Amino acid sequence: MRSPRHETGPPDLTTPEGFGAFYEDHIDAVLGFVTRRVADPHLAADLTADIFLAAMGSAGGYRGHRGAPVAWLFGIARNVLSGHARGLARESGALARLSGRRLLDAEDVAALEERIDAERAFRDLAERHAALSEPLRAALDLVVLDQLTPAEAAQALGVTQATIRVRLHRARRALRGPGSVTERQLEVAR
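Please read these numbers as outputs of a predicted model, since none were measured by experiment.

J.: Give a detailed account of the nonpolar core, specifying residues and quantitative values.
T.: Residues Val34, Ile51 and Leu73 are the most contacted members of the largest nonpolar core, which totals 20 residues. Only helix H1 (16-35), helix H2 (41-57) and helix H3 (69-99) provide two or more residues apiece to this core. Top contributing element to this core by residue count: H1, with six residues. Residues within four places of Val34 in sequence aside, it is in contact with Ala44, Leu47, Thr48 and Ile51.

Structure (C-alpha cells):
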C-alpha cells in the first residue's frame, strides 16, 4: 500500500490534480475493500471505478476536518456496493417472477393483438349503440338481441311494421359508422 501524500492537510478534490493524487493514494485501499466483498475481478474493477466516479461527483461536499479521507471514501464504497446489491436483488426478483410465467410466442402475441383489436371495436360499437335514440335502440334490441321478428317487435312497441323497418334501417346505418365491427371481431371478442 502506498503512503498517503497529503499528510499535511486534506487534499483538494475539486481540482483534477488533487483528485488524481487522491486516486493514486487510495486506489489500493479501495480495491482491497471491494475485493474482500466481491469475487469477480471484472465486477471488482467496475465497482472500484464506480466508487471513484461517485467520489468525484461528491468531491465538493468533502470535509477533511471530519476525518480521514479514506473513511469518507469507504463510506462512498459502502453505498456503491449496497446499491449494486439492491440492483442484483431487484434483478433476481424479476427473474424469479418471470420464471413462473410462460413467455408468449409469436402466435400468442398475434392472438392477443387480434383480441384486443376486437374488444376495442366491440367497445366502439357499444358506444354507438348507447348513442342511439331510445326508439331506434328498442327496435334494434328486440330484433337483434331478443330475436323477435319485425312483426313481433312492432307489436311489442305498439307501432307498425313499417315503423320498425325504418327504425331498424336507421339504427343499423348509425352502427355501421367508421370502424364498424366485423362478424370476425365479434366472434373473437366472445
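Text resumes after the structure shown.
J.: Can you lay out the packing of helix H5 (residues 134-145) against helix H6 (residues 150-157) for me, pointing to particular residues and giving the numbers?
T.: Running from amino to carboxyl end, H5 crosses H6 at an angle of 135°, the nearest separation of the two axes being 9 Å. Judged by the inter-axis angle, H5 sits oblique to H6. Crossing handedness for the pair H5 and H6: right-handed. When H5 is examined against H6, the residues Ala138, Ala139, Leu142 and Val143 are found in contact with a partner set consisting of Pro150, Ala153, Ala156 and Leu157. Its residues assigned to classes, the contact of H5 with H6 shows eight nonpolar, no polar and no charged.

J.: For the packing of aromatic side chains, give the residues involved together with the corresponding values.
T.: A full pass over the atoms with the stated rule returns five aromatic pairs. Here Phe19 and Phe52 contribute two aromatic rings whose centre-to-centre distance is 6.5 Å and whose plane-to-plane angle is 85°, an arrangement assigned as edge-to-face. Of this pair, Phe19 sits in helix H1 while Phe52 sits in helix H2, placing them 33 residues apart in sequence. Given the relative accessible area of 8%, Phe19 is considered buried. Assessed through its relative accessible area of 5%, Phe52 is described here as buried. Geometrically, the ring pair formed by Phe22 and Trp72 is tilted, given 6.0 Å between the ring centres and 55° between the ring planes. Linking Phe22 in helix H1 with Trp72 in helix H3, this pair joins segments that are 50 residues apart in sequence. For Phe22, a relative accessible area of 1% translates into the label buried. Taken together, Phe19, Phe22, Tyr23, Phe52 and Trp72 form an aromatic cluster joined through their ring pairs. Taking NZ or CZ as reference, Arg37 lies 3.7 Å from the ring centre of Phe33, over its face.

Reading guide: rules and limits
- Residues numbered from 1 in each chain as written.
- Predicted model: local features only at pLDDT ≥ 70, side-chain atom pairs only at ≥ 80, totals over all residues.
- Heavy atoms only, no water.
- Core = buried A, V, L, I, M, F, W, Y, C linked by side-chain atoms within 4.5 Å.
- Buried < 20%, exposed > 50% of the residue type's maximum accessible area, 1.4 Å probe, protein only.
- Helix = DSSP H or I, 4+ residues; strand = E, 2+ residues; numbered from the N terminus.
- Contact = heavy atoms within 4.5 Å.
- Axes fitted to C-alpha atoms, helices over the stretch in contact; angles between N-to-C directions.
- Parallel < 35°, antiparallel > 145°, perpendicular 65-115°, else oblique.
- Left-handed = near helix turned anticlockwise from the far one by under 90°.
- Nonpolar A, V, L, I, M, F, W, Y, C, P; charged D, E, K, R; others polar.
- Phe/Tyr/Trp six-rings, centres within 6.5 Å; stacked < 30°, edge-to-face > 60°.
- Lys NZ or Arg CZ within 6 Å of the ring centre and 35° of its normal.

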